[in-house]
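Given next are the chains, with one letter for each unit.
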Amino acid sequence: MERHRALNAFITVDPELSLNQARAADRMLKNGGSRPLTGIPIAHKDIFCTKGVLTTCGSKILSNFVPPYDATLIKRCYEEGMVTLGKTNMDEFAMGSSNETSYFGPVRNPWDQFRVPGGSSGGSAASVTARLCAAATGTDTGGSIRQPAALCGITGLKPTYGRVSRYGMVAFASSLDQGGVLTQSAEDAALLLNVIAGFDPLDSTSVEEPVPDYGSKLKDDIDGLKIGLPKQYFDEGLSPEVEVLIRDALRVLEDHGAVLIDIDLPNSELCVPCYYVIAPSEASSNLSRFDGVRYGYRSEDYEDLVDMYMRTRAEGFGDEVKRRIMIGTYALSAGYYDAYYLKAQKLRRLITHDFERAFELCDVIAGPTTPTAAFEIGAKTSDPISMYLNDIYTISVNLSGLPALSVPAGFAGDLPAGLQLIGPYFSESRLLNIGHRFQMDTEWHRRIPGGFE
Ligand code: GLN
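The text that follows walks through the structure, step by step, so that each part is easy to find. (Residues numbered from 1 in each chain as written. Predicted model: local features only at pLDDT ≥ 70, side-chain atom pairs only at ≥ 80, totals over all residues. Heavy atoms only, no water.)

## Some thoughts on the nonpolar core
Link 1 in the chain: Ranked by internal contacts, the top residues of the largest apolar core, which has 103 residues, are Phe93, Leu253, Phe355, Leu399, Leu419, Ile422 and Leu432.
Link 2 in the chain: With nine residues, helix H8 (residues 271-286) is the largest single contributor of residues to this core.
Link 3 in the chain: Dropping the residues within four chain positions of it, Leu432 is found in contact with Leu157, Ala186, Ala189, Ala190, Leu193, Tyr214, Leu218 and Leu405.
Link 4 in the chain: With ten residues, the next largest nonpolar core counts Ala125, Cys133, Ile145 and Cys152 among its residues. (Core = buried A, V, L, I, M, F, W, Y, C linked by side-chain atoms within 4.5 Å. Buried < 20%, exposed > 50% of the residue type's maximum accessible area, 1.4 Å probe, protein only. Helix = DSSP H or I, 4+ residues; strand = E, 2+ residues; numbered from the N terminus. Contact = heavy atoms within 4.5 Å.)

Here it is as structure tokens:
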């Protein structure tokens, strides 16, 4: 129990809600009407609004916010009869790559408690890794599902933009945000995606595209599958230990008949600068709603309305969030808009075009999820640029709206690393199929850190 608590993976646990849902699940199982995941325990990232249950988004400014409604993703899990174990810790407003920006303190990596679990869905990743729950939800704006999944040795799926409703998900960068899942295996990810995917009239960017049964193609043959390896994903930024694991993992897929081909994503180096203009710009706009009037924290001590706004935001937001608001406000301001925001939008188009060209040559793209294994807590907090570079292989997927899966590829010493598979729009079934075939032949996803067995 102490070891579990030390992870700091949860912000809120609500035993009454969990027990009520467990009882309801028992009834569904007994009286008929149960569904495939009825009774399965799940944890939700604290970015999803839960009616009557605290939803903080990892921030002081929402530290007293109890939503009056459920996010669509939450509602779907409830209707399935899943049992909510709690709300997981996360980087403040999902801004981070290490789960160190949370107002509620850092989450620890179950493989080594002095290291980060990755962010921003770090609490979700840690709780699945430590087997506190069977699965967890997360959100991925620039890598926040795949990166913590990789650093914790679990499976993470970021679906195509628009596949999972964003209704009731606290907005960070609306054109990039996408809800998804963190699970032990690709098979589990498929089952959970079946529950949360689908059109939602309450989200105007939700796509009206039929939802296949993601579990039905898991065992399909991958003989002849063309896997593209971007040369930019294997350059000097990649740590040699991680590279060895990725090359070994690719050999497993080759043994199944997959064919590896070299490809080029020439604009890869523009992804991080492009993202770190667009994401903060959208964030600065989205976060303007937190003003101490409508909901959340309000400063206790102020002179007039403007002073109240200023103190509420100064006291309510942490440093990383303030940094993003300042960058975003600057990039969007008259006179700088064309030079930064508009330029970044043009780069975004080029980055997407790279993928379109690549998918003419290959079926999926593979590479590392992160350049290194988990780093020590505190190692990068004073250097935002080195922190941002953790996202180098994940960000382009969000800029283009593509789906991507991270599966555990092996261990560098005691620390896991992830193999990332990127596919064309709505290719989730294919990605999960490849992940599952890989997991049929490997044991990495079954490994549990010492003390959590
Ligand atoms: N690490 C990236 C950031 O800090 C991505 C975060 C995310 O995907 N939510 O913005």
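Next comes the rest of the description.
## Quick word on the sheet that holds strand E11 (residues 415-422)
Link 1 in the chain: Ordered by their spatial adjacency, eleven strands build an open sheet running E1-E3-E2-E4-E6-E5-E10-E11-E9-E7-E8, and the pairing between neighbours is mixed. On the outer flanks of this sheet lie strand E1 (10-12) and strand E8 (259-263), each paired with one strand and no other. Adjacent strand axes in the sheet meet at a mean angle of 30 degrees when their direction is disregarded.
Link 2 in the chain: Pairing of strand E2 (residues 41-45) with strand E4 (residues 135-139) involves two bridges; the strand directions are parallel. Bridging from a neighbouring strand, Ala43 pairs with Ala136 of E4. (Pairing = 2+ DSSP bridges. Axes fitted to C-alpha atoms, helices over the stretch in contact; angles between N-to-C directions.)

## A word on the site of the ligand
Link 1 in the chain: Around the ligand sit 15 residues in total, of which Thr141, Gly142, Ser144, Tyr275 and Arg324 are the nearest.
Link 2 in the chain: Between the ligand and the protein, one listed contact pairs a nitrogen atom with a backbone N or O atom of Ala94 at 2.8 Å.
Link 3 in the chain: Here an oxygen atom of the ligand and a backbone polar atom of Gly96 are 2.9 Å apart.
Link 4 in the chain: In the complex, 99% of the free accessible area of the ligand, which totals 290 Å², lies under the protein chains.
Link 5 in the chain: Grouping the amino acids of the shell around the ligand by side-chain chemistry returns five nonpolar, seven polar and three charged. (Near = heavy atom within 4 Å. Polar contact = N/O pair within 3.5 Å; in protein donor to acceptor, adjacent residues only side chain to side chain. Areas by Shrake-Rupley, 256 points an atom, 1.4 Å probe, with all protein chains shown as cover. Nonpolar A, V, L, I, M, F, W, Y, C, P; charged D, E, K, R; others polar.)

## A word on the pairing of E4
Link 1 in the chain: Burial within E4 is extensive, with five of its five residues counted as buried.
Link 2 in the chain: By the alternation rule, side chains of E4 split into Ala135, Thr137 and Thr139 and Ala136 and Gly138, which are all buried.
Link 3 in the chain: Bridging between E4 and strand E6 (residues 179-183) involves five bridges; their strand directions are antiparallel. Bridge pairing in E6 places Ala136 opposite Leu182.

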